[in-house]
Amino acid sequence: MSNIDQYKVHQEPFYQAQGKEVALYEAAYAARLPVMVKGPTGCGKSRFVEYMAWKLNKPLITVACNEDMTASDLVGRYLLDANGTRWLDGPLTTAARIGAICYLDEIVEARQDTTVVIHPLTDHRRTLPLDKKGELLSAHPDFQLVISYNPGYQSLLKDLKQSTKQRFTAFDFDYPTAKLETEILAKETGMDAELCARLVKIGIAARNLKGHGLDEGISTRLLVYAATLIRGGVDAKDACRMALVRPITDDADIRNTLDHAIDAVFA
Amino acid sequence: MKTIPEDLQVYWEQLACGFPRVAEVFPDCMREALTILSNEGIAAYLEYASFLGKMGRGAEPILIFLEEWPRVAKILGEDALPAIAECIRRLYKSPNGKAIVPFLQSLPSVARRLPTKPQMQEYLTLVLDFMESTTGSIHGIHQTFASPALPVLFKQINVLLGQLSLAGLKKWVDYGARFYSDHPERQIDYFSLQSADSRAVLQRERHGTLLMDNERKLDMYLRGLWQIDEQLIPYSTLYDELRKPVPYYDKLGIRVPDVYSDFVVPSPSGITSDLAAVVSQPSRMASSSIRGAGGRNGEFAEYALRPSSGSGLPAGTRTASEGDEPQRVAGIDRYRAVLAHIVAHRRWSTPIFADNFSPFQRMAVEFLEDSRVEYLAMQEYPGLRRIFTGLHPVPEENACDPEKESGVRHRLAMLSRALLDPHHPYKNEHIVEFTRRFHELMQQGNAGTQQMAELAISFVAKTRVQSDQLARTHFKDTEIDYRDDNRHLWKFYEQSDDEEAFEEHRPRAADEEIRGLPPRHYHEWDYNSQSYRPDWVSVYEGLHPSGNAADIDRLLAKHAALAKRLKKLLDLLKPQDKVRIRYQEEGSELDLDVALRSLIDYKGGSAPDPRINMSHRNDGRSIAVMVLLDLSESLNEKAAGSEQTILELSQEAVSLLAWAVQQLGDPFAIAGFHSNTRHDVRYMHIKGYSEKWDDEVKGRLAAMEASYSTRMGAAMRHAAHYLDKQQADKKLMLILTDGEPADIDSKDGRILIEDARQAVKELDTQGIYAYCINLDPKADDYVKDIFGKQYTIIDKVAQLPEKLPALFISLTK
């Protein structure tokens, strides 16, 4: 059995609630209902899950999903050994065994056939059949499954199946309001509120351009980066260009507009 | 005859001129010349004037020269005379003597625009080149006809140089000289800026920031920073020298000028050594030497000096490169200033009733309201202050003489500057007091348009002087060109009868009907100048007329055997959805064969192959096809060795091809084109992407007719416009033609070939693969130039029905 302690969240992560999501999550956890967190990139989905794991004092196992991920990457596989083969639990199996919260980040990135393996864990059965090993694993009473997904950039091909979607309770996250986001930036980076408010203003300008050449606006995460750079002594405009504009676009017109927004905000 | 004063008699003799009109102006001109020119200059002046007088072109040349030269010499220097004299000599020797007078007349304004000798020399060369190329000759030996456009050009040169750089002017002139060299009337139209072409080329060459190049940026600016989505409608600044339209907005959108050049903030008219004065004019300090005293960012001093409360914001956030140059506001920023101002009005202004205000009061209200919305906009985006202060004029406090002219505008402009710029230079107690009152109001936070109106009326009452009634108004430095005309600010109790009722809309006549689609215009590539001719070709599109669909079915039946063979080929091409990829280190499944082999290797002690997985790949077919048919006259000829015309054979071939593509299920369209000069390129839809291969389509195909010529480039661009919208990995455009691109209005055969080649390049950048099927056995000469390697020549046209589908299949295999 793996070391449970390594999966624990020891320090309280900073999380600024936007609504009632903390209480709602606690209720879902009490009933061990699977949870889905939706929202654009960098709006605090992962931070929220981490925070809840800390608050509930449960281990958290995070899996970043990608296109090449197969079912056995989640469940586990036989490895070749000098003496034959040896079974190695995947992260999902480990979580089900030790009673952790298993967090599948960006679930749509995984192939659709992969996501189906989570189905038996997410309904009344709460079991995980390890068919290769010939074991039917009953989940630990503390086990809970959380998935996150970003509805923004998904194409027709990248959407969750209805059968998967309908196994989850869901939270819809979005970028916080300007006021709240300012507070978040200030708390996260320790910069003064006025500077943070200006950064947020640039963020909002970019979010207004979403769909007009930008796939996604400037995330709270990037705003935090910018504030961090400024705190490190970088000139505000340079920091914004580096952290806010250059990462999100290669389009010269958008870059020019956002650069102007920076000049307009930091006079 | 006027007598010449004693002291000038000696010069008069040197001039040796008998025109009485010259004698009238001579003393004045001479006195002016004496103050400006050196002794040698005077000698040259008189000598050359004397030559002009004896040239046999009347008194006009010498008169103009005598009057204008001293001023020109002042700008260019006296030694510019030989070059100009040489130019006049060349004009004189050619049949263009009539152009000498306009040339001399235009000289002062040209000198003002091109104040250095090299520039002037370049201009003169341009003039002479132009003269050479437009002066006509018979039998190519002696030039006999005067250049029709040369005098016209001199008349327009002031406008042109105002809009164009010298390089731009050269391109504009070259363009006109090249395309209208053999058509005097059109040449004159072009050079007098009457023709659409002329204006289009001029627009393209203008210096400055063109709206059309930056529309997307500005749309994003509006959407991103101000959350509004508004149409930007350009108005031309080119032809309205007098009226000078200003930006405004109405229901249809925001009207902005079509071009803004960079705005250079004028340097201070006199730098005083008084430090206080310098500090109070911070934005004007670019050329002052006191900049070191923390002054470059003078206008930001307010912000920079504020305790930065731990934000770590460095005081000077400007980049160093702005150092010594005069302050500029880029064209794009001028647009942004206009938009910010207009958006601010939309957001914060409420219309008020105008009826009870006098014109002066209304003007004051407008100025204050403008200042208020800008104040609020700058609260939102402090960086706007830099642009606004750069663009806002700084009227000099004592520039207006209240005895002679009305200072109404001047006073309001000063107030407006003071409201905008905390370091304004004004001492006038009213200005200072009202600036304070304005800021107090704004700081209370709820001042609206109504409060501004009250403040404005009080300002008017306090500052009124008798001379405000004078007819002459002081205008200098009072026009704030980024502000709109404030038409939205006013509402009226009653429509007064002294204004024209702009708002009334005439009901649209019920019988106005829109017939057909408007033409689309396409550029055409001109290889001579390596540039596009803007909006040169008009393409009219429409549905091809319909015929009898059964004809096509009969054709298909005739080729049933061929169709059968094709069918076999097509079945092979049909996509198989899943393809297995073996030997993958990471894959979706274990490839058992390979894995076992690896395991054996491993157990046997040798290095195993780690690539034991396999995965699958979707092998869908995603090709969109456009078949473009040349329907020019030559298709009506009989094909060599066949009883059928090329048109009939094409018909058969295209029918078979369409049938084949239909079998494969690829989206495809068919269209035909022919042209009758650049003004009438017909583009006829035979099959659209959304249509099925049914009787309607077959009917159109059956009715195919051939006439007129082949302007290929425009048709390809238009077809690409449709193909581009298709969602497919690969886009294929098949062009079926029987000859080289040509049209009756194009004498240079090369032009349309080069244009088609350029069209192929454009297609390539759009991700469209153009492929030509040429039925002209002699096509080798040109088809390679156009299509590179992407072509096939079918020598035996009779084989076309068989070749075409086969070709398609092999292309898309």
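J.: Could you clarify how one ought to interpret the overall build of chain B in this entry?
T.: The number of helices and strands found in chain B is 29 helices and 22 strands. Counting over 813 residues, chain B shows a buried share of 37%. Of all intrachain contacts in chain B linking residues separated by at least 6 positions in sequence, the fraction that spans at least 24 positions is 72%.

J.: Quick question: what am I supposed to make of the overall build of chain A here?
T.: Counting secondary structure elements, chain A contains 12 helices and nine strands. Split into buried and exposed, the 267 residues of chain A put 42% on the buried side. Long-range pairs, those at least 24 residues apart, make up 71% of the contacts in chain A with a sequence separation of at least 6.

J.: Help me understand the packing of helix H8 (residues 178–189) of chain A against helix H10 (residues 220–231) of chain A in this model?
T.: The relative placement of two packed helices is expressed as an angle between their axes plus a distance between the axes. Residues and elements named next belong to chain A. Between H8 and H10, the shortest axis-to-axis distance is 10 Å and the interhelical angle comes to 45°. Comparing the axis directions of H8 and H10 gives the class oblique. With respect to the hand of their crossing, H8 and H10 are arranged in right-handed fashion. Across from Glu181, Ile184, Leu185, Glu188 and Thr189 in H8, the residues of H10 making contact are Thr220, Leu223, Val224, Ala227, Thr228 and Arg231. Here the residues of the contact of H8 with H10 are counted per class, giving five nonpolar, three polar and three charged.

J.: When you look at the environment of Leu763 of chain B in this model, what are you seeing that I'm missing?
T.: Residues and elements named next belong to chain B. One can find Leu763 in helix H27 (residues 749–765). What makes Leu763 buried here is the crowd of 20 C-beta atoms within 10 Å. On a C-alpha basis, the gap between Leu763 and Leu732 in space is 9.9 Å, while along the polypeptide they are 31 residues apart. Not counting residues up to four positions away in its chain, the partners in contact with Leu763 are Met716, Ala720, Met733, Ile768 and Ala770.

J.: Whenever I open this one, the interface of chain A and chain B confuses me. Can you help?
T.: How big an interface is tends to be stated in terms of the accessible area lost upon association of its parts. The interface of chain A with chain B comprises 29 residues on the first partner and 27 residues on the second. Of all the secondary-structure elements, those providing two or more residues to the side of chain A that touches chain B are helix H9 (193–208), H10, helix H11 (236–245) and helix H12 (252–265) of chain A. Among the elements that take part in the side of chain A that touches chain B, H12 of chain A stands out by supplying nine residues, more than any other. Its residues placed into classes, the side of chain A that touches chain B shows 14 nonpolar, seven polar and eight charged.

J.: What is the right way to look at unusual backbone geometry in this model?
T.: With the exception of glycine, most residues fall at negative phi, and the peptide bonds are largely trans. Residue and element names in this part refer to chain B. With phi around 40°, Asp535 is a residue other than glycine that occupies positive phi space. By the secondary structure assignment, Asp535 is in strand S13 (residues 531–543). A tally of 15 C-beta atoms within 10 Å means that Asp535 is categorised as partly exposed. The phi torsion at Tyr708 lies on the positive side, around 60°, for a residue other than glycine. Here Tyr708 is to be found in the loop between helix H25 (695–702) and helix H26 (712–723).

J.: Hey, could you run me through the pairing of strand S4 (residues 84–89) of chain A in this one?
T.: A regular strand places its side chains on the two faces of the sheet in alternate fashion. Residue and element names in this part refer to chain A. Among the six residues of S4, zero are classified as buried, and the element is accordingly described as predominantly exposed. Where strand S3 (residues 76–81) lies against S4, six bridges are found, and the strand directions are antiparallel. Among the inter-strand pairings, Gly76 is bridged to a residue of S4, identified as Asp89. The antiparallel hairpin formed by S3 and S4 contains two residues in its connecting segment.

J.: Help me understand the sheet that holds strand S20 (residues 730–737) of chain B, please; the structure alone is not making it clear to me.
T.: Within a beta sheet, neighbouring strands are joined by backbone hydrogen bonds and run either parallel or antiparallel to one another. All names here are of chain B. Strand order in the open sheet made by the eight strands is S12-S13-S19-S18-S17-S20-S21-S22, with mixed pairing throughout. On the outer flanks of this sheet lie strand S12 (520–526) and strand S22 (791–793), each paired with one strand and no other. Going from strand to strand, the sheet's axes swing by 25° on average, the running direction of each strand aside.

J.: Is there a simple way to explain the nonpolar core in this structure?
T.: As a rule of thumb, nonpolar side chains are buried together in soluble globular proteins. With 89 residues, the main nonpolar core has Ile202 and Ala226 of chain A together with Leu339 of chain B as its most contacted residues. Looking at which element gives the most residues to this core, the answer is helix H15 (residues 331–348) of chain B, with nine residues. Beyond its immediate chain neighbours, meaning those up to four positions away, Ile202 of chain A contacts Ile218, Cys240, Leu244, Ala261, Ile262 and Val265 of chain A. Formed by 74 residues, the second largest nonpolar core is a distinct cluster that contains Leu649, Ala671, Met712 and Ala714 of chain B.

J.: Looking at this model, I keep getting lost on H15 of chain B. Mind explaining?
T.: Turn by turn, an α-helix covers 3.6 residues, leaving residues three or four places apart pointing in a common direction. Its 18 residues give H15 of chain B an end-to-end C-alpha distance of 26 Å, which sits within 8% of 26 Å, the value for a rise of 1.5 Å per residue. Of all 18 residues making up H15 of chain B, 15 are buried, and the element is well covered by its neighbours.

J.: Looking at this structure, how should I read H27 of chain B?
T.: Residues and elements named next belong to chain B. Relative to the 24 Å expected for 17 residues at 1.5 Å per residue, H27 spans 25 Å between its end C-alpha atoms, a close match to the ideal helical length. Buried residues in H27 make contact with S12, H26, S20, strand S21 (768–774) and helix H28 (780–787). Immediately downstream of H27, the backbone of Gly767 shows phi near 80°, a positive value.

J.: Would you mind going over the sheet that holds strand S5 (residues 101–105) of chain A with me for this structure?
T.: All names here are of chain A. The sheet built from five strands is open, its strands ordered S2-S5-S8-S1-S9 with parallel pairing. In this open sheet, the two edge strands, each paired with only one partner strand, are strand S2 (60–64) and strand S9 (169–172). Pairs of neighbouring strands in the sheet enclose a mean axial angle of 20°, with direction left out of account. Pairing analysis gives four bridges linking strand S1 (residues 35–38) to strand S8 (residues 144–149), with the strands arranged parallel. Within S8, the residue paired with Lys38 across the bridge is Tyr149.

J.: Any chance you could explain the confidence of the model for chain A here in plain terms?
T.: Detail in the predicted coordinates should be disregarded across regions flagged by low pLDDT. Averaged over chain A, the pLDDT score is 88; the fraction of residues at 70 or greater is 97%. At the low end of the mean pLDDT range in chain A sits helix H5 (residues 112–115) of chain A, at 77; at the high end sits helix H1 (residues 21–30) of chain A, at 95.

J.: It is not clear to me how the packing of helix H16 (residues 359–380) of chain B against helix H20 (residues 449–463) of chain B should be interpreted in this structure. Could you clarify?
T.: Residues and elements named next belong to chain B. Relative to each other, H16 and H20 sit at 130°, their axes nearing to 8 Å. The orientation of H16 with respect to H20, classified from their angle, is oblique. Read as a crossing pair, H16 and H20 show a hand that is right-handed. Facing Phe360, Gln361, Ala364, Val365, Leu368, Glu369 and Arg372 of H16, the residues of H20 in contact are Thr449, Met452, Ala453, Leu455, Ala456, Ile457, Phe459 and Val460. Class assignment of the residues belonging to the contact of H16 with H20 gives a composition of 11 nonpolar, two polar and two charged.

J.: Please clarify how the environment of Ser598 of chain B should be interpreted in this entry.
T.: Residues and elements named next belong to chain B. Inspection of the secondary structure assignment puts Ser598 in helix H23 (residues 592–603). Taking the C-alpha atoms as reference points, Ser598 and Pro610, 12 residues apart in sequence, are found 7.2 Å from one another. What Ser598 contacts, discounting residues up to four positions off in sequence, is Pro608, Asp609 and Ile612.

J.: Is there a simple way to explain the pairing of S13 of chain B in this structure?
T.: Residues and elements named next belong to chain B. Pairing analysis gives six bridges linking S12 to S13, with the strands arranged antiparallel. Counterpart to Arg520 in the pairing with S13 is Val539. Between the antiparallel neighbours S12 and S13 lie four residues, among them Gln530 with a positive phi of about 55°. Strand direction decides the pairing type here: S13 and strand S19 (residues 681–687), joined by five bridges, are parallel. Across the sheet, Tyr540 pairs through a bridge with Arg682, a residue of S19.

About the cut-offs
- Residues numbered from 1 in each chain as written.
- Chains lettered and ligands numbered in written order.
- Predicted model: local features only at pLDDT ≥ 70, side-chain atom pairs only at ≥ 80, totals over all residues.
- Helix = DSSP H or I, 4+ residues; strand = E, 2+ residues; numbered from the N terminus.
- Buried ≥ 20, exposed ≤ 12 C-beta atoms within 10 Å, placed from the backbone.
- Contact = placed C-beta atoms within 7 Å.
- Axes fitted to C-alpha atoms, helices over the stretch in contact; angles between N-to-C directions.
- Parallel < 35°, antiparallel > 145°, perpendicular 65-115°, else oblique.
- Left-handed = near helix turned anticlockwise from the far one by under 90°.
- Nonpolar A, V, L, I, M, F, W, Y, C, P; charged D, E, K, R; others polar.
- Pairing = 2+ DSSP bridges.
- Core = buried A, V, L, I, M, F, W, Y, C linked by C-beta atoms within 7 Å.
- Expected span 1.5 Å × (residues − 1).
- pLDDT = per-residue confidence, 0-100.

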